[in-house]
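Each chain is listed here by its residues.
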Amino acid sequence: MTCKLMDASWSTRKLAQFPEDLVLTISNYIMYGLSCTQAKLHGLPKLGKLFPHADIYRWLSYGNDGKHPACDHSYFGRREFSFTLENDIYVRFQSFNNAVDMENSIREKCPYKIDIGPVYSVDPAKRHAYAQSGNNVFAPVERELIFDIDMSDYDDVRYCCSGADVCLNCWPLMTISVKVLDTALRDDFGFNHILWVYSGRRGVHCWVCDGRARRLSNEQRAAIADYFRVYKGGENNAKKVNLTGPVLHPFLARSYTDVLKGFFEGKLLASQNLFASIERFQKILEIIPDESIASELLDKWQGNRRSSISKEDVNVVRWEQLKHVLQSGKQKAQGLRRCVEEIIFTYTYPRLDMEVSKHMNHLLKAPFCVHPKTGRVCVPIDPNNCDNFDPTTVPTLSQLLEELNMSSMRTESEDEWERTSLGKSIKFFRSSFLSPLLKSCKEEMESVYNSKVKQSKNALNW
Amino acid sequence: MEIVRSQRKPADAAVAPALSLYRSAPALEVRLEDFELYAIDRLRVLQGISDGLSRGKKPQEMEKLVSELWRAHMRHQDPSEEMNKDIISHFVLRLVYCRTEDLRKWFLSMETSLFRYRFRLESPESQRLLMSEFQLPYKAINHAEFETVKDKLNQVARSTGPSSNAEALFFKVPFEEVPELVAGRRVFMLKGFAYVAMNQVVSLVATQFRSNLSKALVLTNRKWTSTIRDKEKNRLTPIVEALSTGYLGPDYSQPKEFSEISLKDIDRLASSSFPLCMRHLFDKLRENHHLKHGGRMQLGLFLKAVGLKLEDALAFWKSEFSQKVGAERFDKEYSYSIRHNYGKEGKRTDYTPYACHKIISSTPSVGDHHGCPYRHFSEENLRAALGKMGVGGRSLDDILDKVRSRHYQVACTLTFEAVHAASCDSGINHPNQYFEASQKILQTTRQATS
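Residues numbered from 1 in each chain as written. Chains lettered and ligands numbered in written order. Predicted model: local features only at pLDDT ≥ 70, side-chain atom pairs only at ≥ 80, totals over all residues. Heavy atoms only, no water.

Participant: Would you take a moment to explain the overall build of chain B for this structure?
Facilitator: Helix and strand content of chain B: 20 helices and 3 strands. A fraction of 68% describes how many contacts in chain B between residues 6 or more apart in sequence connect residues 24 or more apart. Taken as a whole, chain B presents about 21,700 Å² of accessible surface, with 51% of it coming from carbon and sulfur. (Helix = DSSP H or I, 4+ residues; strand = E, 2+ residues; numbered from the N terminus. Contact = heavy atoms within 4.5 Å. Areas by Shrake-Rupley, 256 points an atom, 1.4 Å probe, with all protein chains shown as cover.)

Participant: Any chance you could explain the sheet that holds strand 1 (residues 170-174) of chain B here in plain terms?
Facilitator: Residues and elements named next belong to chain B. With respect to topology, 3 strands assemble into an open sheet ordered 1-3-2, the strand pairing being antiparallel. Sheet topology places strand 1 and strand 2 (188-190) at the edges, where each strand pairs with a single neighbour. Going across the sheet, the axis of each strand differs from the next one's by a mean of 30°, ignoring polarity. In the sheet, strand 1 pairs with strand 3 (residues 193-197) via 5 bridges, with the strands oriented antiparallel. (Pairing = 2+ DSSP bridges. Axes fitted to C-alpha atoms, helices over the stretch in contact; angles between N-to-C directions.)

Participant: Would you mind showing me how to read the pattern of salt bridges here?
Facilitator: As a working rule, side chains carrying opposite charge can pair if their charged atoms are close by. All names here are of chain A. Per the stated rule, a full pass over the model turns up 51 salt bridges over all chains. Residues Arg107 and Glu103 are paired through a salt bridge, measuring 2.9 Å at the closest nitrogen-oxygen approach. Placement of the pair is Arg107 and Glu103 together in helix 5 (residues 99-109), with a separation of 4 residues, close to one helical turn. Residue classification places Arg107 among the partly exposed positions, given a relative accessible area of 35%. Overall, the relative accessible area of 24% leaves Glu103 in the partly exposed class. Residues Arg186 and Asp182 are paired through a salt bridge, measuring 2.8 Å at the closest nitrogen-oxygen approach. Taken as a pair, Arg186 and Asp182 lie in helix 7 (residues 172-187) at a separation of 4 residues, close to a single helical turn. Among the residues examined, Arg186 registers a relative accessible area of 24% and is labelled partly exposed. (Salt bridge = Lys/Arg side-chain N within 4 Å of Asp/Glu carboxyl O. Buried < 20%, exposed > 50% of the residue type's maximum accessible area, 1.4 Å probe, protein only.)

Participant: Where do I start with the side chain of B:Ser335 in this structure?
Facilitator: With respect to the helices and strands, the residue B:Ser335 is situated in helix 14 (residues 327-341). When sequence neighbours within four positions are dropped, the list of residues in contact with B:Ser335 reads B:Leu314 and B:Phe330.

Participant: Mind showing me how you'd approach the nonpolar core here?
Facilitator: A general feature of soluble globular proteins is that nonpolar side chains tend to end up buried together. Residues A:Trp59, A:Phe191, A:Phe228, A:Leu322 and A:Phe345 are the most contacted members of the largest nonpolar core, which totals 186 residues. Counting residues per element, this core draws most heavily on helix 10 (residues 250-271) of chain A, which supplies 10 residues. Counting residues in each nonpolar core, the second largest holds 55 residues, with B:Phe321, B:Cys372, B:Leu386 and B:Cys412 among its members. (Core = buried A, V, L, I, M, F, W, Y, C linked by side-chain atoms within 4.5 Å.)

Participant: Would you explain the environment of B:Ser262 in this entry?
Facilitator: Tracing the backbone through its elements, the reader meets B:Ser262 in the loop between helix 9 (236-246) and helix 10 (266-273). Taking the C-alpha atoms as reference, B:Ser262 lies 31 Å from B:Val410; in sequence the two are 148 residues apart.

Participant: Could you clarify how one ought to interpret the sheet that holds strand 12 (residues 380-381) of chain A in this entry?
Facilitator: Strand pairing in a sheet takes place through backbone hydrogen bonds and is either antiparallel or parallel in direction. All names here are of chain A. Taken in spatial order, the 4 strands of this open sheet run 7-9-8-12, and their pairing is antiparallel. If you trace the sheet from one side to the other, it starts and ends with strand 7 (145-150) and strand 12, each paired once. Note: strand 7 against strand 9 (residues 203-208), 6 bridges, orientation antiparallel. Its bridge partner being in strand 9, Ile146 is matched across the sheet by Trp207.

Participant: What should I look at first to understand the side chain of B:Ser50 in this one?
Facilitator: All names here are of chain B. Examined against the element boundaries, Ser50 turns out to sit in helix 1 (residues 32-54). Given the relative accessible area of 10%, Ser50 is considered buried. Once residues within four sequence positions are removed from consideration, Ser50 is found in contact with Trp106 and Met110.

Participant: Whenever I open this one, the pairing of strand 7 of chain A confuses me. Can you help?
Facilitator: Side-chain direction in a regular strand flips from residue to residue, so the side chains alternate between the two faces of the sheet. Counting buried positions along strand 7 of chain A gives 6 out of 6 residues, so the element sits mostly inside the fold. The two faces of strand 7 of chain A match: A:Leu145, A:Phe147 and A:Ile149 on one face and A:Ile146, A:Asp148 and A:Asp150 on the other face are all buried.

Participant: Would you take a moment to explain the packing of helix 11 (residues 278-285) of chain A against helix 12 (residues 291-303) of chain A for this structure?
Facilitator: When two helices pack together, their arrangement is captured by the angle between the axes and the distance separating the axes. Residue and element names in this part refer to chain A. Close contact between helix 11 and helix 12 brings their axes to 10 Å; oriented N to C, the two are set at 165°. Considering their axes alone, helix 11 and helix 12 lie roughly antiparallel with respect to each other. The handedness of the crossing between helix 11 and helix 12 comes out as right-handed. Here Ile278, Phe281, Gln282 and Leu285 of helix 11 lie close against helix 12, whose contacting residues are Ala294, Leu297, Leu298, Trp301 and Gln302. A per-class count over the contact of helix 11 with helix 12 returns 7 nonpolar, 2 polar and no charged. (Parallel < 35°, antiparallel > 145°, perpendicular 65-115°, else oblique. Left-handed = near helix turned anticlockwise from the far one by under 90°. Nonpolar A, V, L, I, M, F, W, Y, C, P; charged D, E, K, R; others polar.)

Laid out in structure tokens, this is it:
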């Protein structure tokens with residue numbers, strides 16, 4: 001879902017497995033079975049208006065596009081954009097001075113996909129010129145803290161789909177990831193400006209945009225990623241979650257009681273039929289360190305398949321039995337009591353792509369792109385209302401095209417998107433994310449400026 | 001040496017902490033041979049720390065190790081001489097290790113560890129003195145605030161282990177200042193602040209130490225390249241340059257001349273001379289015709305250092321990957337990175353193969369096969385994997401024993417000895433070292449039989 005940095009990475013040339021941008025219409029049209037000429041005939045210019053260039057520009061300027069004396073007018077121009085063009089040509093280190101520049105370049109190059117990189121110390125397009133000056137000054141200086149969660153990492157715990165597919169039975173795994181991370185980012189880390197985006201097919205992206213988050217060093221980013229890391233994969237390690245200590249850390253305890261436990265017992269157990277067959281419950285029994293208990297339960301469930309004619313769901317019954325055995329008074333051993341929690345964490349706790357979050361120079365696909373396979377737009381997700389997000393009803397390119405053509409009979413207006421089903425998403429982006437963000441950027445700028453003025457005044461007094 | 005013991009007269013030595021913050025270089029006269037000898041002694045300490053860390057030693061064990069290493073190499077009857085030696089050796093090694101990114105990284109991390117464990121060994125009074133020397137702007141939280149978060153603080157203390165007794169003194173600091181405590185979930189976090197207990201301030205101080213040293217190293221490097229290197233061309237420069245190469249172990253970034261392997265031998269070599277981590281990756285690649293990024297890097301760079309030429313490497317990876325993703329996708333998506341590893345694309349840096357400590361500290365995730373099998377495999381899987389290599393009986397038990405006490409490199413060394421029926425005195429600390437040692441043994445036996 002993301003492209004790693006070109007240096008030292010194998011996935012750089014990862015082609016447009018994913019997304020492309022709404023404006024990248026020529027390639028989109030081809031995918032949708034239309035030729036370029038047809039595409040141009042069919043309102044290509046109109047589609048361009050769907051991509052909210054101006055909003056993206058305002059977002060990534062973080063208030064530096066204003067008139068305040070503290071504005072850094074070079075800021076947006078030092079941001080790296082990457083394009084994936086037709087034929088999988090990958091162009092890194094694109095930079096733009098303003099929204100018009102960006103829009104023109106996108107129109108001209110028609111990339112399949114746009115990635116957003118860090119803000120560098122100097123304009124990334126001119127990095128070679130700076131490199132010749134000797135001092136190695138070309139380095140990333142700011143970058144949103146980003147997270148990437150991908151449903152294909154959950155293949156060992158979901159039975160409805162696999163790989164790139166998602167459905168309404170497994171999507172809630174993403175929903176609870178949003179809940180767990182969003183709460184911790186706000187309450188524990190004190191971040192306020194967090195943008196969640198549907199990645200277009202099988203996962204979610206998260207952009208933490210507070211000034212404090214953008215200025216984190218790689219080491220600090222890695223620390224946050226590790227704070228969130230509970231699930232330790234590795235194909236050769238049977239037990240993926242190890243919870244030690246007599247109690248859980250407050251963050252884990254809160255995630256468990258507020259989100260994970262209820263979701264596992266109330267939803268996942270039945271929706272994924274976790275105890276319905278021997279292959280499935282054996283996987284769960286493997287997590288139990290005490291072999292005698294595991295085999296006791298195995299015998300019980302293998303033997304009396306018939307006795308459970310009761311109307312109750314077999315998954316719920318067996319889960320209760322397992323909990324009873326592990327938590328009964330006999331099991332004094334702490335490891336066994338902790339095991340219930342370990343099972344739930346193994347099955348539900350968010351699985352982050354750690355590398356994405358750890359480094360400043362990891363690229364991440366821009367919001368409001370279109371996924372080439374699904375045709376769906378990468379729309380924002382409201383974390384306060386994420387239970388109602390349905391990836392299968394996210395607007396698709398063809399749907400938007402149709403809506404545009406329908407409405408083109410009527411008036412021409414600046415904001416074409418307002419009349420499409422994308423309107424709601426862009427409105428949400430502006431009102432819930434962009435305007436509070438810009439407001440706080442302005443305040444921060446003001447206070448930094450004032451303290452600087454004060455300092456220089458004091459200096460003058462000397 | 002006015003800077004080092006700032007504002008304190010030697011008379012206060014009893015209360016002054018024995019730890020130096022190395023704020024700036026000492027104005028001491030140093031004899032040229034001491035210059036080198038002191039540096040070598042300190043390097044022995046740092047090397048020992050590096051070994052300890054890569055064996056996954058626990059903090060208590062590290063504390064003991066550091067104090068032993070210090071006593072063995074840095075002690076002097078005269079305390080002021082010892083302090084001089086400490087400071088001089090540190091600054092000499094700064095010169096030695098400022099010169100490349102890799103050297104700086106290693107030095108920074110070892111010096112910070114050294115400082116950390118020496119700090120832990122100090123008395124509480126001297127720890128507080130050191131804290132004030134760093135001029136950290138944090139005050140302990142007051143009673144009222146403590147009461148509001150007391151339950152959470154207790155919960156964190158209990159979650160990190162039963163041994164920690166209730167601490168009443170806490171500092172509230174921006175979480176950015178204590179990354180390692182955040183990473184280990186060893187602090188309570190609230191709205192961007194971490195509540196750091198008095199017994200955890202070492203992290204706060206170590207972070208500070210590290211960031212000061214990191215900045216200083218960049219400056220030293222600038223000075224070195226702009227003036228010192230030429231000015232000291234006939235005196236210090238040769239010593240400095242020799243010091244950095246001799247003690248980091250052999251350099252595997254360039255394949256040796258004699259070690260050139262061809263594609264047709266690769267399967268034979270994999271089963272005879274690859275360490276388990278590489279053998280596992282190799283087998284998985286043959287089996288699944290695919291490896292994820294971490295695996296491709298770990299195996300790819302190893303093969304490069306073993307002597308697989310770029311053209312052969314491309315052919316090798318292509319023959320596997322094309323069975324899974326098709327030749328066209330391989331050319332588009334993967335061949336670039338292979339050329340990149342060989343320094344033919346992008347930054348054009350010739351990447352170095354991973355050493356054991358890097359592999360051990362990697363964090364394999366879903367679908368990954370890289371990492372150190374001794375560290376990252378479950379016992380059952382490790383047993384099976386070793387069985388496939390023909391290791392069993394007593395040696396298998398010995399190996400698993402070392403794994404349980406987290407001596408992963410020792411476990412690998414024992415595996416080497418079991419497989420080759422020969423001893424390996426130097427211990428394994430690099431997969432390519434394993435390979436070369438194995439080849440050497442096999443060649444001598446071959447010569448002996450022919």
